[in-house]
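Take a look at the letters that make up each chain.
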Amino acid sequence: MSYRESLTAAITRYYVFNGLFREGEDQMTFEAADANLIEVGQTLEREFVGSARGFTVELDSFDDETHQCEVIVGFTIWPYEDDDSEIELILESTREELEKVGFVKDDEYYLGDGPDIR
């Protein structure tokens, strides 16, 4: 998919978080993990409501045996306005919210940019 990139247009930045979901000593099922990600997305939207950002939090893959998974997080940024510290603030909030719902992160990386999701 292609999109028109502009200096003044908002874009969506995507990151992948690898890890697993735990609930105490037990590992969560796909259904519980997926439901928790909906809560994470809603919490992030409320937290950044004043900055008019859109968020998407999706369970990309889930292994039923090992409970290893990939979570893709996308959020709105303005390249002309948001610097690295603002992006790091969003990522830190995302990490905290994922931890609150039992996600144990192994790794994370930048995936790419796309059109505005708002």
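What you are looking at is a predicted structure, and each value in this text was computed from that prediction instead of being measured.

Draft legend 1. The arrangement of helix 1 (residues 30–47) in detail. Across its 18 residues, helix 1 extends 26 Å between first and last C-alpha, which sits within 8% of the 26 Å expected from 1.5 Å per residue. Along helix 1, the residues classified as buried are A33, N36, L37, V40, G41, T43 and L44. Projected down its long axis, helix 1 shows its buried positions confined to an angular sector of 165°, all on one face. Residues of helix 1 that are exposed and point over 90 degrees away from its buried face: E31, I38 and R46. Elements that come into contact with the buried residues of helix 1 comprise strand 1 (11–23), strand 3 (55–62), strand 4 (68–77) and helix 2 (84–100).

Draft legend 2. Inspection of the confidence of the model for the protein chain at higher detail. Per-residue confidence for the protein chain averages 87 on the pLDDT scale, and 92% of its residues sit at or above 70. Ranking the elements of the protein chain by mean pLDDT puts strand 2 (residues 26–27) last, at 73, and helix 2 first, at 95.

Draft legend 3. Spotlight on a negative patch on the surface. Taken together, E31, D34, D63, D64 and E65 make up a surface patch of like negative charges. The exposure class of D64 is exposed, given its relative accessible area of 60%.

Draft legend 4. Quick look at the pairing of strand 1. Across the 13 residues of strand 1, ten count as buried, placing the element largely inside the fold. As paired elements, strand 1 and strand 5 (residues 103–115) share eleven bridges and run antiparallel to each other. Looking across to strand 5, one finds that T12 is bridged to G114. Bridge count for strand 1 against strand 2 is two bridges, and the pairing is antiparallel. Directly across from E23, in strand 2, lies its bridge partner D26.

The rules behind these values
Residues numbered from 1 in each chain as written. Predicted model: local features only at pLDDT ≥ 70, side-chain atom pairs only at ≥ 80, totals over all residues. Heavy atoms only, no water. Helix = DSSP H or I, 4+ residues; strand = E, 2+ residues; numbered from the N terminus. Expected span 1.5 Å × (residues − 1). Buried < 20%, exposed > 50% of the residue type's maximum accessible area, 1.4 Å probe, protein only. Arc of directions from axis to C-beta. Contact = heavy atoms within 4.5 Å. pLDDT = per-residue confidence, 0-100. Patch = residues over 30% accessible without salt bridge, like charges linked within 9 Å, V, L, I, M, F, W, Y side chains within 5 Å. Areas by Shrake-Rupley, 256 points an atom, 1.4 Å probe, with all protein chains shown as cover. Salt bridge = Lys/Arg side-chain N within 4 Å of Asp/Glu carboxyl O. Lys, Arg positive; Asp, Glu negative; His and termini not counted. Charge placed at Lys NZ, Arg CZ, Asp CG, Glu CD. Pairing = 2+ DSSP bridges.

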